[in-house]
Amino acid sequence: MKGQFKTIFEPFKIKVVEPIRITSRSERQRYLQQAHYNLFLLSSDQVIIDLLTDSGTSAQSEAQWAGIMQGDESYAGSTSWKHFYETVKDLTGYPYVLPVHQGRGAESVLFEVLCRKGAKYFFSNTHFDTTRANIEYRGATAIDLPCEESQDLFSDAPFKGNIHLQELKKQVEKVGVDNVGAVILTLTNNSGGGQPVSFQNIQETAQFCKEKGIRFFIDACRIAENCYFIHTREEGFSHLSCWEIAQKIFSLADGCLVSAKKDFFGNIGGFLALKDEALAQECMQYLIITEGFLTYGGLAGRDLEAIAVGIREAFDMDYLRYRIRALQYFNEKLRAIGIPVVYPPGGHAVYIDAQKYLPHIPKEHFPGQSLCCALYIEGGIRAVEIGSVMFGKNAKHELVRLAFPRRAYTQAHVDYVIEVFSHINAIKEQLPGYRIVYQMPFLRHFTAHFEPIKG
Ligand code: F0G
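Residues numbered from 1 in each chain as written. Predicted model: local features only at pLDDT ≥ 70, side-chain atom pairs only at ≥ 80, totals over all residues. Heavy atoms only, no water.

**Q** Looking at this structure, I do not really get the sheet that holds strand β3 (residues 121-124). What am I missing?
**A** Within a sheet, adjacent strands bond to each other through the backbone by hydrogen bonds, running parallel or antiparallel. If you walk across this open sheet you meet the 7 strands as β2-β8-β7-β6-β5-β3-β4, and the pairing is mixed. At either end of the open sheet lies a strand with only one pairing partner, and these are β2 (96-100) and β4 (141-144). Direction aside, the axes of adjacent strands within the sheet are offset by 20 degrees on average. With respect to the sheet, helix α5 (residues 129-136) is in contact with β3, β4, β5 (180-186) and β6 (216-219), its orientation differing from that of β4 by roughly 145 degrees. (Pairing = 2+ DSSP bridges. Helix = DSSP H or I, 4+ residues; strand = E, 2+ residues; numbered from the N terminus. Axes fitted to C-alpha atoms, helices over the stretch in contact; angles between N-to-C directions. Contact = heavy atoms within 4.5 Å.)

**Q** I keep staring at the domain arrangement of the chain and nothing clicks. Help me out?
**A** By convention, interface size is frequently given as the accessible area that disappears when the constituent parts associate. Here the domain parsing of the chain yields domain 1 (25-54 + 317-452) and domain 2 (62-314). Once you take the C-alpha centre of each, domain 1 and domain 2 turn out to be 26 Å apart. Carbon and sulfur atoms make up 61% of the surface buried where domain 1 meets domain 2, a total of about 3,000 Å² over both sides. Viewed at the interface, domain 2 and domain 1 are joined by 5 salt bridges. Arginine 323 is the salt-bridge partner of glutamate 225, the closest N and O atoms lying 2.8 Å from each other. For the pair domain 1 and domain 2, the interface holds 15 residue pairs in polar contact (both at pLDDT 80 or more). Elements with a contribution of two residues or more to the side of domain 1 that touches domain 2: α12 (317-336), β9 (349-353), α15 (388-391) and β12 (399-403). When residues in the side of domain 1 that touches domain 2 are grouped by element, the largest group, 7 residues, is from α12. (Domains from an automatic or database assignment. Buried area = accessible area lost by both parts, 1.4 Å probe. Salt bridge = Lys/Arg side-chain N within 4 Å of Asp/Glu carboxyl O. Polar contact = N/O pair within 3.5 Å; in protein donor to acceptor, adjacent residues only side chain to side chain.)

**Q** Help me understand the state of the cysteines in this model?
**A** Each disulfide consists of one covalent bond between the sulfur atoms belonging to two cysteines. With the rule as written, the count across this model stands at 0 disulfides. Its sulfur unpaired, cysteine 221 is 11 Å from the next cysteine sulfur, which belongs to cysteine 256. With relative accessibility at 6%, the residue cysteine 221 sits in the buried group. When its relative accessible area of 0% is taken as the criterion, cysteine 256 is described as buried. (Disulfide = S-S within 2.5 Å. Buried < 20%, exposed > 50% of the residue type's maximum accessible area, 1.4 Å probe, protein only.)

**Q** Is there a simple way to think about the nonpolar core in this case?
**A** Formed by 112 residues in total, the largest nonpolar core has its most connected members in Ile223, Ile249, Phe264, Phe271, Phe315 and Leu402. Examining the composition of this core, we find that 9 residues originate from one element, α12, more than from any other. Of the domains in this structure, domain 1 (25-54 + 317-452) and domain 2 (62-314) are the two that each give at least three residues to this core. Ignoring sequence-local partners within four residues, the contact set of phenylalanine 271 consists of Phe84, Val88, Val97, Leu98, Pro99, Val100, Ala106, Cys256, Leu257, Val258, Phe264 and Ile311. Counting 26 residues, the second largest nonpolar core, distinct from the first, contains Val100, Ala119, Ala182 and Ile184. (Core = buried A, V, L, I, M, F, W, Y, C linked by side-chain atoms within 4.5 Å.)

Next comes the structure, spelled out in structure tokens:
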């Protein structure tokens, strides 16, 4: 703690503002019905506080905007690409950097190449939904192996994002090492409650993969937040900056898949960075066919520039201290009014156990969806279900996520959300379950239509 006082405030001043349109309850009821009770199908001006995602929703800094003005839009070899490349290389140490339009672009390129080589199984602490979809779309199987501590949503364990190492070893044995495409650690573990992974767990996973000759990748879209947890919670890391911890992590892996829309403050963009030249060459071939030329990968020069600046800002210790503290405040205030929030507070979002909160709604009637609809109707808040709607029968829990866009909302916005929850506490027994009346085979949650179950 640098200052004399305890209060941790937003370490920025507001230079540009975006108005919020305030709607009435009856307007919101109509909007939600028109959107088939799917919050993805709402228009953003129908939403008061948008906590649907922390992805692509960051406020850009003055330095990023200055960079945007300097964006070099040359097709090949732009100076913005050089800035982007140097920054990613400095952080990761990987010599091969492939820019992509967003995280799933990196997934698509890497899994296309690995699956063509015959990869049949991928293991992770938890695959994010697009990661799983990109694997399964290519006919391979994605297996989640979250650690035991993660099963208890409310226990105090510091690194509930860890992969279950014993289980990983068993599974690799079972499917045969030659059939394993890769092990991917998601930092932080988004679908598992935004919980961090410890350095020790990363190191032991890397060691095992090395012994077996299995490729090991980091899904690093929230690595800065993960490193802050390592810095504050894991013994032996408090003397290192989060940038240095990240460098150590990257040195243990064969590469990383990154959506730059999260920690790195991009409104769009991402990258795949790799150690191995041969693999990189194959990925580059597919990159040019699907994303764009090697020095822009589907991004404008101004986006490359904004991300290059954003990567360094993401590791600023004053910012990270505020960021993690803001989420902790949000989490603990909800907990104090009896909302079953996943504990301890994670990095980018607050997660609620909707099944525990709404025990009268069975899993098949989507308690998470019900809570999301109530948050919208009562308070104009947009959250996302991470449960049976998103994962179908693979869902381990019925969670609702309130993701916190970076540098976009203040503490007063958080206090408003907490007040809406107090109101929902009083009416929760009356909330209905939902049924799906239309869906697509992959990633159905984005476009599904729902209907409340009258009863
Ligand atoms: N990996 C993780 C851990 C993610 O959280 C996401 C996206 C991706 C990969 C894919 O990145 O969206 O740039 O293609 N998560 C967003 C979210 C959508 O709301 O959590 P993308």
